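Examining the three-dimensional arrangement
What follows is the residue order along each chain.
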Amino acid sequence: MATTELPELYYDPYDYGIDRNAPAVWARLRDEAPLYRNDEHDFWAVSRYDDVLAGMLDVDTYRSGHGTVLEMMTEREFPMPMFIFRDAPDHTLMRKLVSRAFTPRAIGGLEDRIAAICDELLDPFAGVDRFDYVDRFGAILPPTVILALLGFPAGFAEDLRDSMDSNLHVDEGETGGALATSPNRPPGSVIDEAGNIGSAVFDQVPALCELRRAEPTDDMLTILATHELERADGSTSPLTTEEILAYTALIAGAGAETVARMLGWAAVLLARHPEQRALLQADRSLIPGAIEEILRYEAPSPVQARWVEHDVDVHGTTIPAGSKMLLLNGSGNRDPRQFPDPDRFDVRRKIDRHLSFGYGAHFCIGAALARLEGRIALEQTLDRFGDWHVDESEVEWVHTSTVRGYHRVPIQVSN
Ligand code: HEM
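Residues numbered from 1 in each chain as written. Predicted model: local features only at pLDDT ≥ 70, side-chain atom pairs only at ≥ 80, totals over all residues. Heavy atoms only, no water.

1. Structural notes on the overall build of the chain
Selection rule: By definition, any uninterrupted DSSP run of H or I lasting at least four residues is a helix, any uninterrupted run of E lasting at least two residues is a strand, and each is numbered from the N terminus. We take the radius of gyration over the C-alpha atoms and set the globule estimate at 2.2 Å times the residue count to the 0.38 power. Contacts between residues were defined by any pair of non-hydrogen atoms, one from each residue, lying within 4.5 Å. Residue-level accessible areas treat just the shown protein chains as cover; the underlying method is Shrake-Rupley with a 1.4 Å probe.
When its secondary structure is counted, the chain shows 18 helices and 14 strands. Taking 415 residues into account, the globule formula puts the C-alpha radius of gyration at 22 Å, and the chain, at 22 Å, falls close to it. Projecting the C-alpha coordinates of the chain onto the three principal axes gives extents of approximately 70 × 60 × 45 Å. Across the chain, contacts joining residues at least 24 apart in sequence account for 71% of those joining residues at least 6 apart. If you sum the accessible surface of the chain, you get close to 18500 Å²; carbon and sulfur atoms cover 51% of it.

2. Focus on the pairing of strand 13 (residues 404-408)
Heads up, the rule is: Any two strands with at least two DSSP-identified bridges between them are counted as paired.
Relative to strand 13, strand 12 (residues 396-399) is paired through four bridges, and the arrangement is antiparallel. Among the inter-strand pairings, E396 is bridged to a residue of strand 13, identified as R408. From the end of strand 12 to the start of strand 13, which pair antiparallel, there are four residues.

3. As for the layout of surface pockets
For clarity, the threshold we go by: Using a 1 Å grid laid over the protein atoms alone, points where a 1.4 Å probe fits but cannot get out form a cavity; open sets with protein on both sides within 12 Å along at least 5 of 7 lines form a pocket; any residue with an atom within 4 Å of a point counts as lining. Grid points are joined across faces, edges and corners, and a volume is the space filled by probe spheres set on the points. Residues are grouped as follows: Ala, Val, Leu, Ile, Met, Phe, Trp, Tyr, Cys and Pro are nonpolar; Asp, Glu, Lys and Arg are charged; every other residue, Gly included, is polar.
Taken as a whole, the largest pocket holds about 1100 Å³ of empty space. In terms of lining, the largest pocket is formed by 48 residues, of which the most central are I84, L250, G253, A254 and T258. Among the elements that line the lining of the largest pocket, the one with the most residues is helix 14 (residues 241-272), at 10 residues. Partitioning the lining of the largest pocket into residue classes produces 29 nonpolar, 15 polar and four charged. Estimated volume of the second largest pocket: approximately 340 Å³. What lines the second largest pocket is a set of 15 residues, among which A106, L110, A148, D218 and D219 lie closest to the centre. Of all the secondary-structure elements, those providing two or more residues to the lining of the second largest pocket are helix 5 (104-108) and helix 8 (141-150).

4. What about the sheet that holds strand 11 (residues 388-389)?
Ordered by their spatial adjacency, three strands build an open sheet running 4-14-11, and the pairing between neighbours is antiparallel. Unpaired on one side and paired on the other, strand 4 (130-132) and strand 11 mark the two borders of the sheet.

5. Focus: the coordination of the iron atom of the ligand
Stated precisely, the cut-off is as follows: Here a donor is any nitrogen, oxygen or sulfur atom (N, O, S) within 2.8 Å of the metal, with 3.2 Å used for Na, K and Ca; water is not among the atoms considered, so some sites may look incomplete.
Just one protein ligand coordinates the iron atom of the ligand, and it is C364 (SG) at 2.3 Å. Turning to its location among the elements, C364 is positioned in the loop between helix 17 (329-332) and helix 18 (367-385).

6. Here's the deal with the packing of helix 6 (residues 111-122) against helix 18
Filter applied, for reference: To obtain each axis, a line is fitted to C-alpha atoms, and for helices this fit is confined to the stretch in contact; angles are then taken between N-to-C directions over 0 to 180 degrees. When an angle is under 35 degrees it counts as roughly parallel; over 145 it counts as roughly antiparallel; between 65 and 115 it counts as roughly perpendicular; any other value is oblique. Left-handed describes a crossing whose near helix is turned anticlockwise from the far helix by less than a right angle; the clockwise case is right-handed.
Where helix 6 contacts helix 18, the axes come no closer than 10 Å and their chain directions differ by 40 degrees. As the angle between them shows, helix 6 and helix 18 are arranged oblique. Between helix 6 and helix 18 the crossing geometry is right-handed. Along its contact with helix 6, which presents E111, I114, A115, C118, D119 and L122, the element helix 18 presents L369, L372, E373, R375, I376, A377, Q380, T381, R384 and F385. Within the contact of helix 6 with helix 18, the residues separate by chemical class into nine nonpolar, two polar and five charged.

7. Some words on the site of the ligand
Put simply, the test is: Residues are counted as near a molecule or strand when any one of their heavy atoms sits within 4 Å of it. Any pair of N or O atoms that falls within 3.5 Å is considered a polar contact. Within protein, one atom must be able to donate a hydrogen and the other to accept it, and sequence-neighbouring residues count only if both atoms are side-chain atoms. By definition, a pocket or cavity contains a molecule when more than half of the molecule's atoms lie within 2 Å of the pocket's grid points.
The ligand sits among 25 residues. The nearest are H91, R95, R306, H362 and C364. H362 is positioned with one of its side-chain polar atoms (N or O) 2.6 Å from an oxygen atom of the ligand. Mapping the ligand onto the cavity grids shows that it belongs to the largest pocket. Secondary-structure elements contributing two or more residues to the shell around the ligand are helix 4 (90-99), helix 14, strand 7 (304-308) and helix 18. Of the residues assigned to the shell around the ligand, the class counts are 15 nonpolar, eight polar and two charged.

8. Quick look at empty space enclosed by the protein
Taken as a whole and assessed by the stated rule, the structure comprises four cavities of 30 Å³ or more. Looking at the largest cavity, its volume works out to about 100 Å³. Lining the largest cavity are 14 residues, and of these Y11, P13, D19, P302 and V303 sit closest to its centre. Within the residue set of the lining of the largest cavity, elements represented by two or more residues are helix 1 (16-20) and helix 2 (22-32). Grouping the amino acids of the lining of the largest cavity by side-chain chemistry returns eight nonpolar, three polar and three charged.

9. Notes on the side chain of S331
One can find S331 in helix 17. A distance of 2.7 Å separates a polar side-chain atom of S331 from the backbone oxygen of S47. With sequence-adjacent residues up to four places away left out, S331 is seen in contact with W26, R30 and S47.

10. Some details on unusual backbone geometry
A cis amide bond links A88 with the next residue in sequence, P89, at an omega value of 5 degrees. Along the polypeptide, P89 turns up in the loop between strand 3 (62-63) and helix 4. Despite not being glycine, H315 has its phi angle at roughly 45 degrees, a positive value. Relative to the elements of secondary structure, H315 occurs in the loop between strand 8 (312-314) and strand 9 (317-319). One non-glycine residue with positive phi stands out, namely D341, at about 45 degrees. Within the secondary structure, D341 is located in the loop between helix 17 and helix 18.

Right under this line is the structure:
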């Protein structure tokens, strides 16, 4: 009897085709190679929910200190003062310091500001029948919120943009002026199209820290400028300017691209499943659960790399110390051993624990903020645009080994 042979099982996080089709490749990994070895790129990978979760929890075996992005990993530990790339005790102490800015009260206090930023970003599209949801909204909201979290004054990005625009003004008709004066481009060129906060913002950090030392408030820059860090040797000392900038860059980097990808997935998945969107239109209390399902279904950051500290047995194979292990949290979220009918997108699904924010010691410190941004963005999108349509032949992917999703999602709206 003739059998249909499947192509050889191959996975790496760099192949664009695999990246687009990742859930299907991950399904084969879970079934056929729950411990996968890639010789070409020299890594191991686990893909089942239980294995990924166990890997995230076992921080003595699976270390972050050599980097958590495959191509950045080195034999030597990272010298960078960013706690995502550190292990205990440094990690614990550095995380403790900044966690003061992520208390439920601090994050809840941003709700009105986030709603106002959404208004400002979405108002220009009233009556417009088509715009790019990620480029014009999803990628701009998160870095603007991060500036608020850090404690940059409201309107800071706009002021900075205006001063840069007047310095860089190019007469109409010349190409340089087009971006500076283009309508619907708030808060402007201090945040680039990929949602990265530009260096003009970081340049302001030392001066703002000086201001906070003189007049402390309760924002993150005050915490970074005025609190002492407990060092691993038991001493305490204020953060250096380099450390403050590293914290700022980490928060900006980790909290912008990921939320932008989540919002892109929200737009696409709800357009693909109009019956699910109708449930949210009819009952807004379903939105927080819908955000969890969007995160589970399409993890914005689906691959976390670790350094194997000592020999460890996984599925009957000994992985030697000094190996690189990929924890495929995006795959764990689609594991039928954990989630019934995992490839069904269901905003009413009861989810105990998905892996999109990681787990254990490195659990995403910005998870509550991401959830708040997702809820407000979705509420406002549903309020304003009702139904929308996405022609998926027009979307553009972002291909990096840290995030997975879209760079551009043009949506057709029926105001
Ligand atoms: C939907 C949005 C987000 C997703 C999917 C996401 C995902 C993740 C994941 C998977 C990790 C664990 C990394 C690891 O285990 O190595 C993580 C850690 C982290 N995230 Fe997020 N994140 C999001 C939003 C944010 C936001 C809004 C911020 C800050 C404003 C943030 C800041 C961080 C930081 C600082 C860490 C490092 C925590 C540590 O090492 O202790 N993230 N995030």
